[in-house]
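Fold and geometry: a report
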Amino acid sequence: MGSVTASTPPKFPFARPSGTTPALEYAQLRATDPVSQVELFDGSLAWLIVKHKDICAVLTDERLSKQRNRPGFPELSAGGKEAAKNKPTFVDMDPPQHMQQRGMVESIFTKQHIDSMRPQIQETVNTLLDKMITEGGSEPFDFVEKFALPVPSYTIYSILGVPLADLPKLTNFAAIRSNGSGTATEASNANAALLSYMDSLVTARLSEPKEDLISLLVKEQLIPGHLTQADVVQIAFLLLVAGNATMVSMIALGVVTLLEHPDQLESLKQDPEKWTAPLVEELCRFHTASALATKRVAKVDVEYGGKLIKAGEGIIAATQSGNRDEEVFGETADQFDMKRVRGSEEALGYGWGPHRCVAEWLARAELEIVFATLWQKLPNLKLAILFDEVKYSPPQKDVGIGELSVVF
């Protein structure tokens, strides 16, 4: 672990020491220097905020901007810097544009609307598990390919209005784009193919609207002239990809974590109705699968933790660190415990403030249905490899699992 000293800002992102363990620097900084500077890939500096209370303050501070094209906005890679030049969607906008565009899709993702979709999500989960049972589980197979990837993919495709026949093709594009095994060119081609597909779907819905999100955007935003076709395509693409890799990882991480905690898995098997929601809440606290997205740039000089952050300086709110903050989650913050007694404190798995994940209720519903059903249908589901053979994402990236060999 690089030692963190005042004189030379450490390089960021920090690396996880092993498996899913968050970078050790976070705990050190929470204790000694909760607002400090780090050096990014291109040599630029940004401020790193590691305590829960400061992260919540940053993510609700309108003196800070989410616009990636502003000078000083902290990008974590050359790819991020390139992506920042693209036409933004609501996730990279400030008020008032942010809520104007977010409001166009928000109705689809309310808790009430998502609850009405639960039977459909349950059917997707049942169908995939029944197919696995038919194919047999005595030989090892990739759980991500057969289950963790299709569940969230099929769900968001049906919300957007993708025809059933196109699912395998699109799921393949999404896999190439997100799993890191393809080359940069293959990933970029898959990206272009998804955008082009979405564009043709928007065109189709112009002449033949249906009961889906793309039709809603076409009818309420494109036809009246509030958005261009390119805007609608970008929003559809955002919803397609933004949460997908995160959901795939959370399902796979949840399986590994429960198998590592057999007593908690046993409680879940005995009473899924009681333990599924607390399990999902704890999973999203313990594994912050999207922990590098909450970044800002100061529009004016601001002060945090006694440090002056000047206008034009970047800020990274480390939600993964906030989710392990001992002041908020107690001495056992670093332990996975779905039976943890929780008060009014909130975990930051879905972000915080006005930019909090728009699809949070969808993500929670999917995870709850997955974990309530999985071991009921496959009571002997287990890894076909040792725990230390699980392939996690690279240590400086968001924690994730791209493939997982299992038997049942």
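We now turn to the structure provided with this report.

**Looking at the layout of surface pockets**
Over the atoms, a rolling probe the size of a water molecule traces out where space has been left empty. By volume, the second largest pocket is sized at about 320 Å³. If you list the elements that add at least two residues to the lining of the second largest pocket, you get α5 (111–135), α7 (150–160) and α10 (213–222). Here the lining of the second largest pocket is built from residues that sort into six nonpolar, five polar and four charged.

**Some points on the pattern of salt bridges**
For the structure on display, the rule yields 31 salt bridges. Of the charged contacts in the structure, one is a salt bridge between Glu282 and Arg285, with a shortest N-O distance of 2.9 Å. Taken together, the residues Glu282 and Arg285, both in helix α14 (residues 272–286) and three residues apart, mark about one turn of the helix. Residue Glu282 is classed as buried on the basis of its relative accessible area of 2%.

**A word on helix α12 (residues 244–260)**
With 17 residues, α12 ought to run about 24 Å at 1.5 Å a step, and its terminal C-alpha atoms sit 24 Å apart, in line with that. Burial within α12 is extensive, with 14 of its 17 residues counted as buried.

**What about the nonpolar core?**
What tends to happen in soluble globular proteins is that the nonpolar side chains get buried as a cluster. In this structure, Phe109, Phe143, Phe147, Phe371, Leu374 and Leu404 are the most contacted members of the largest nonpolar core, which totals 91 residues. With residues near it in sequence (within four places) discarded, Leu374 still touches Leu129, Phe143, Phe147, Val255 and Leu381. Core analysis: the second largest hydrophobic core is formed by 15 residues, Trp47, Leu59, Val302 and Ala317 among them.

**Here we look at the sheet that holds strand β1 (residues 35–39)**
Spatially, β1-β2-β8-β5-β3 is the arrangement adopted by the five strands of the open sheet, whose pairing is mixed. Both outer strands of the open sheet, β1 and β3 (64–65), are each paired with one neighbouring strand and no more. With five bridges joining them, β1 and strand β2 (residues 45–49) adopt antiparallel strand pairing. Paired with Glu39 across the two strands is Leu45, which belongs to β2.

**What to know about the packing of α12 against α14**
Relative to each other, α12 and α14 sit at 105°, their axes nearing to 11 Å. By the angle between their directions, the pair α12 and α14 is classed as roughly perpendicular. Residues Met250, Gly254, Thr257 and Leu258 of α12 touch α14, and the partners they reach there are Leu279, Leu283 and Cys284.

**As for helix α11 (residues 229–241)**
The end-to-end C-alpha distance of α11, which contains 13 residues, comes to 18 Å, matching closely the 18 Å that a straight helix rising 1.5 Å per residue would cover. Asp231, Val232, Val233, Ile235, Ala236, Phe237, Leu238, Leu239, Leu240 and Val241 are the residues of α11 that are buried.

**Some points on the side chain of Arg340**
Along the chain, Arg340 turns up in the loop between α16 (326–329) and α17 (360–377). Side-chain polar atoms of Arg340 contact the backbone oxygen of Thr332, separated by 2.8 Å. With residues up to four places along the chain from it excluded, the contact list for Arg340 reads Glu282, Arg285, Phe329, Thr332, Ala333 and Gln335.

**Here we look at the sheet that holds strand β9 (residues 382–383)**
The sheet built from three strands is open, its strands ordered β4-β10-β9 with antiparallel pairing. At either end of the open sheet lies a strand with only one pairing partner, and these are β4 (141–142) and β9. Two elements, β4 and strand β10 (residues 405–407), share two bridges in a ladder whose sense is antiparallel. The partner of Phe141 across the bridge, within β10, is Val406.

**Comments concerning the packing of aromatic side chains**
For the structure on display, the rule yields five aromatic pairs. For the ring pair Phe143 and Phe147, a centre distance of 5.2 Å and an interplane angle of 40° mean the geometry is tilted. Note that Phe143 and Phe147 are positioned in helix α6 (residues 143–148) at a spacing of four residues, about one turn of the helix. Judged by relative accessible area, which is 0%, Phe143 ranks as buried. Linked through ring pairs, Phe12, Phe14 and Tyr26 together constitute an aromatic cluster. Over the ring of Phe329 we find Arg285, and its NZ or CZ is 5.3 Å from the ring centre.

**Things to note about the environment of Ala230**
Mapped onto the fold, Ala230 is located in helix α11. Using a relative accessible area of 46% as the deciding quantity, one classes Ala230 as partly exposed. C-alpha of Ala230 to C-alpha of Lys87: the two residues are 143 residues apart in sequence and 9.0 Å apart in space.

**Quick word on the environment of Ile55**
As for its position among the elements, Ile55 is in helix α2 (residues 52–58). A residue is classified by how much of its surface remains accessible, and Ile55, at 0% relative accessible area, is buried. Along the primary structure Ile55 and Gly351 are separated by 296 residues, whereas in three dimensions their C-alpha atoms are 9.4 Å apart. Those residues in contact with Ile55 that sit more than four places away from it in its chain are Ile49, Val50, Ala317, Ala318, Thr319, Gly322 and Leu348.

**Observations regarding empty space enclosed by the protein**
Counted by the stated rule, this structure contains three cavities of 30 Å³ or more. Considered as a void within the structure, the largest cavity measures approximately 110 Å³ in volume. Lining the largest cavity we find 15 residues, and of these Phe14, Tyr26, Leu292, Gln320 and Lys397 sit closest to its centre. Residues belonging to the lining of the largest cavity are distributed by class as follows: nine nonpolar, three polar and three charged.

**Comments concerning the pairing of β2**
The buried fraction of β2 is high, at four of five residues. Where β2 lies against strand β8 (residues 314–317), four bridges are found, and the strand directions are parallel. Each bridged residue has a counterpart across the sheet, and for Ile49 the counterpart in β8 is Ala317.

Each value, and the rule that gives it
- Note on numbering: residues in each chain are counted from 1, in written sequence order.
- At least 70 in pLDDT is required for a residue's local features to be given in this predicted model, at least 80 for side-chain atom pairs to be given and counted, and no such filter applies to totals for whole chains, interfaces and linings, which use all residues.
- Just so you know, side-chain values use all the structure's heavy atoms and leave hydrogens and water out.
- For cavity detection a 1 Å grid was placed over the protein atoms alone, and a set of points counts as a cavity when a 1.4 Å probe fits there but cannot get out; an open set counts as a pocket when protein lies on both sides within 12 Å along at least five of seven lines, with lining residues being those that have an atom within 4 Å of a point.
- Grid points are joined across faces, edges and corners, and a volume is the space filled by probe spheres set on the points.
- The helix and strand labels rest on DSSP assignments: H or I over at least four residues marks a helix, E over at least two residues marks a strand, and numbering proceeds from the N terminus.
- Gly is placed with the polar residues, together with every amino acid not listed as nonpolar (Ala, Val, Leu, Ile, Met, Phe, Trp, Tyr, Cys and Pro) or charged (Asp, Glu, Lys and Arg).
- The rule for a salt bridge is simple: a side-chain nitrogen of Lys or Arg has to be within 4 Å of a carboxyl oxygen of Asp or Glu.
- The classification of residues rests on relative accessible area computed with a 1.4 Å probe and restricted to protein chains. Under 20% of the type maximum is buried, over 50% is exposed, and intermediate values are partly exposed.
- Residue count minus one, scaled by 1.5 Å, sets the expected span of a helix.
- To qualify as a nonpolar core, a set must consist of buried Ala, Val, Leu, Ile, Met, Phe, Trp, Tyr and Cys residues joined through side-chain atoms within 4.5 Å.
- The contact criterion used throughout is that any non-hydrogen atoms of two residues lie within 4.5 Å.
- The pairing criterion for strands is at least two bridges between them, as found by DSSP.
- Whenever a helix is involved, its axis is fitted only over the stretch in contact; in every case the axis is a line through C-alpha atoms, and angles between N-to-C directions fall within 0 to 180 degrees.
- An angle below 35 degrees is treated as roughly parallel, one above 145 as roughly antiparallel, one from 65 to 115 as roughly perpendicular, and anything else as oblique.
- Any pair of N or O atoms that falls within 3.5 Å is considered a polar contact. Within protein, one atom must be able to donate a hydrogen and the other to accept it, and sequence-neighbouring residues count only if both atoms are side-chain atoms.
- Centres within 6.5 Å are what make two rings of Phe, Tyr or Trp a pair, Trp counting through its six-membered ring; a difference in plane orientation under 30 degrees is then read as stacked, over 60 as edge-to-face, and the rest as tilted.
- Each ring is checked for a lysine NZ or an arginine CZ that lies within 6 Å of its centre and within 35 degrees of its normal; such an atom marks a charge sitting over the ring.

Note that all results are geometric; they support no functional claim without further evidence.
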